[in-house]
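# Examining the three-dimensional arrangement
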Amino acid sequence: MRGKLTFKAVSFLCLPVLFVKNISKKFPGESLGAVNNLSLQMAEGEKVALVGKSGSGKTTALRMIAGLIKPDEGEIAFEGEPLKDPDEQLIAGHDKIKMVFQDLKVKPNMTVFENVKYNLLHYDKTYQYARTEELLSLCKIEALRDKKPSELSGGQKQRLALARTLAEEPKLLLMDEPFSSLDPSTKQEILFDLLEIIEEEQIGLLLVTHDASDALMVANKIGFLEDGDLVQFDTPRDVYNLPKSLEIAQFFGKVNIFNKDVCGENTYVRVESVYVNSEKYNSVKASVIRRFYLGNVYLYEAVDVNSTNYSFYNSDFFDLGSQVSLGYSSDSILYICE
Ligand SMILES: Nc1ncnc2c1ncn2[C@@H]1O[C@H](COP(=O)(O)OP(=O)(O)OP(=O)(O)O)[C@@H](O)[C@H]1O
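Conventions we followed
Residues numbered from 1 in each chain as written. Predicted model: local features only at pLDDT ≥ 70, side-chain atom pairs only at ≥ 80, totals over all residues. Helix = DSSP H or I, 4+ residues; strand = E, 2+ residues; numbered from the N terminus. Buried ≥ 20, exposed ≤ 12 C-beta atoms within 10 Å, placed from the backbone. pLDDT = per-residue confidence, 0-100. Contact = placed C-beta atoms within 7 Å. Near = placed C-beta within 6 Å. Pairing = 2+ DSSP bridges. Domains from an automatic or database assignment. Core = buried A, V, L, I, M, F, W, Y, C linked by C-beta atoms within 7 Å.

### Describing unusual backbone geometry
Backbone geometry places Asn-277, a non-glycine residue, at a positive phi of 50°. If you trace the backbone, Asn-277 turns up in the loop between strand E13 (275-276) and strand E14 (284-293). On the basis of neighbour count, Asn-277 is assigned to the partly exposed category, with 15 C-beta atoms found within 10 Å. The backbone of Ser-307 sits at a positive phi, close to 65°, despite the residue not being glycine. Looking at where Ser-307 falls in the secondary structure, it is placed in the loop between strand E15 (298-303) and strand E16 (309-314). Ser-307 sits in the exposed class, given 7 other C-beta atoms within 10 Å.

### Looking at the confidence of the model for the chain
Atom-level detail of predicted coordinates should not be read off regions where pLDDT is low. Summarising the model, the chain shows a mean pLDDT of 89, and 92% of its residues fall at 70 or more. Counted against residues more than four places away or in other chains, residues 1-13, with its pLDDT under 50, gives 15 contacts.

### A short note on the site of the ligand
The ligand sits among Phe-27, Glu-30, Ala-34, Gly-52, Ser-54, Gly-55, Ser-56, Gly-57, Lys-58, Thr-59, Thr-60 and His-210. Per element, the largest residue contribution to the shell around the ligand is three residues, and it comes from helix H1 (residues 58-65).

### Concerning the environment of Thr-111
Here Thr-111 is to be found in the loop between strand E6 (97-99) and helix H2 (112-118). For Thr-111, a count of 16 C-beta atoms within 10 Å puts it in the partly exposed group. Here the alpha-carbon distance between Thr-111 and Leu-83, two residues 28 residues apart in the chain, equals 34 Å. With sequence-adjacent residues up to four places away left out, Thr-111 is seen in contact with Arg-145, Asp-146, Lys-147 and Lys-148.

### Things to note about the sheet that holds strand E5 (residues 81-82)
With antiparallel pairing, the four strands of this open sheet are ordered in space as E2-E1-E4-E5. Unpaired on one side and paired on the other, strand E2 (35-43) and E5 mark the two borders of the sheet. As paired strands, strand E4 (residues 73-78) and E5 are joined by two bridges and run antiparallel to one another. Across the sheet, Ala-77 pairs through a bridge with Pro-82, a residue of E5.

### A closer look at the domain arrangement of the chain
Taken domain by domain, the chain holds domain 1 (18-247) and domain 2 (254-334). Between the C-alpha centres of domain 1 and domain 2 there is a distance of 39 Å.

### Quick look at the nonpolar core
One broad rule of soluble globular proteins: the nonpolar side chains tend to lie buried together. Among the nonpolar cores identified, the biggest contains 77 residues, and Ala-49, Leu-50, Ile-65, Ala-163, Leu-174 and Leu-206 are the most heavily contacted of them. If you count residues domain by domain, this core takes at least three from each of domain 1 (18-247) and domain 2 (254-334). Not counting residues up to four positions away in its chain, the partners in contact with Ala-163 are Val-116, Leu-135, Leu-136, Cys-139 and Ile-141.

### Some remarks on the pairing of strand E1 (residues 16-25)
Bridge analysis of E1 against E2 gives six bridges, and the strand direction is antiparallel. Counted as the bridge partner of Val-20 is Leu-40 from E2. Direction of pairing for E1 relative to E4: antiparallel, over a ladder of five bridges. Counterpart to Ser-24 in the pairing with E4 is Glu-73.

The structure is reproduced here in structure tokens:
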């Protein structure tokens, strides 16, 4: 039994702790697999985001890694130990792998303080109180200690759920679209705090999200799922700059196609790399058809004589119908490495 607070070493050991090898899952009555032959590894303290369109298999993959559903095939091991069969356990899952559930498991009649302490009941009393205080402070909910869960905002509930999960001393946190109901500024605040917390506690993070910017911001590695297949597993820089398909490229931001070619020899250029009315970079003439004000810049859509649409940013105001010339430099061409 733990009796005092431990001070953890600051350095990370970059050894793989999670091994996922060729896991597949097909639900009864479905013709296609939800997840097919998925393999990945995570090092200690690593942050991985699983992204992809709705129905691509993100949640199913996460639930298999959480030990909540059993893969039809394949193996999952954490710290060298294979995950146990969820059907043969009283509480499904792995001691060191914990999913952050926002509403489930929170005790509605207990205060925030009691809710966190509840997950520490198997420790001695001094540790329970000290660790609860530590977790409330870490998750920035000390001021809410006497509130009941029903009195909390969505963001505050997230923080409570995180504190309760951290009380279980996980080595790997799993989160499934945790921020989808939060406003952008609350979401960003929680994301920044989450990153600090998992670094301080030396915990890995596996995050399922359909939000490309969350994934780019949070993860060391991003896995892109398409129809149950993990089609790319790379650093954020590589999925952004060296995407393996046009679908991946477009998931992380709008892409223009210059020199559209029937044989597929297209030139792809990200919206932010388009030059407008530049003497040096000049490729097509197009007519502005839409304008969106984004605060610091406008997002424009324009169309050329071949009915090809382009998007570009510019801080200048162009009337609809204005003629613009659009271009790109050769080093901003996006290579799709299929
Ligand atoms: N319990 C289930 N029974 C039958 N089919 C399921 C079940 N859960 C998921 N599926 C199917 O498996 C596929 C993958 O679903 P999953 O929820 O893993 O995708 P996702 O990428 O997380 O989607 P979303 O972003 O919409 O949550 C989908 O076709 C879905 O309909």
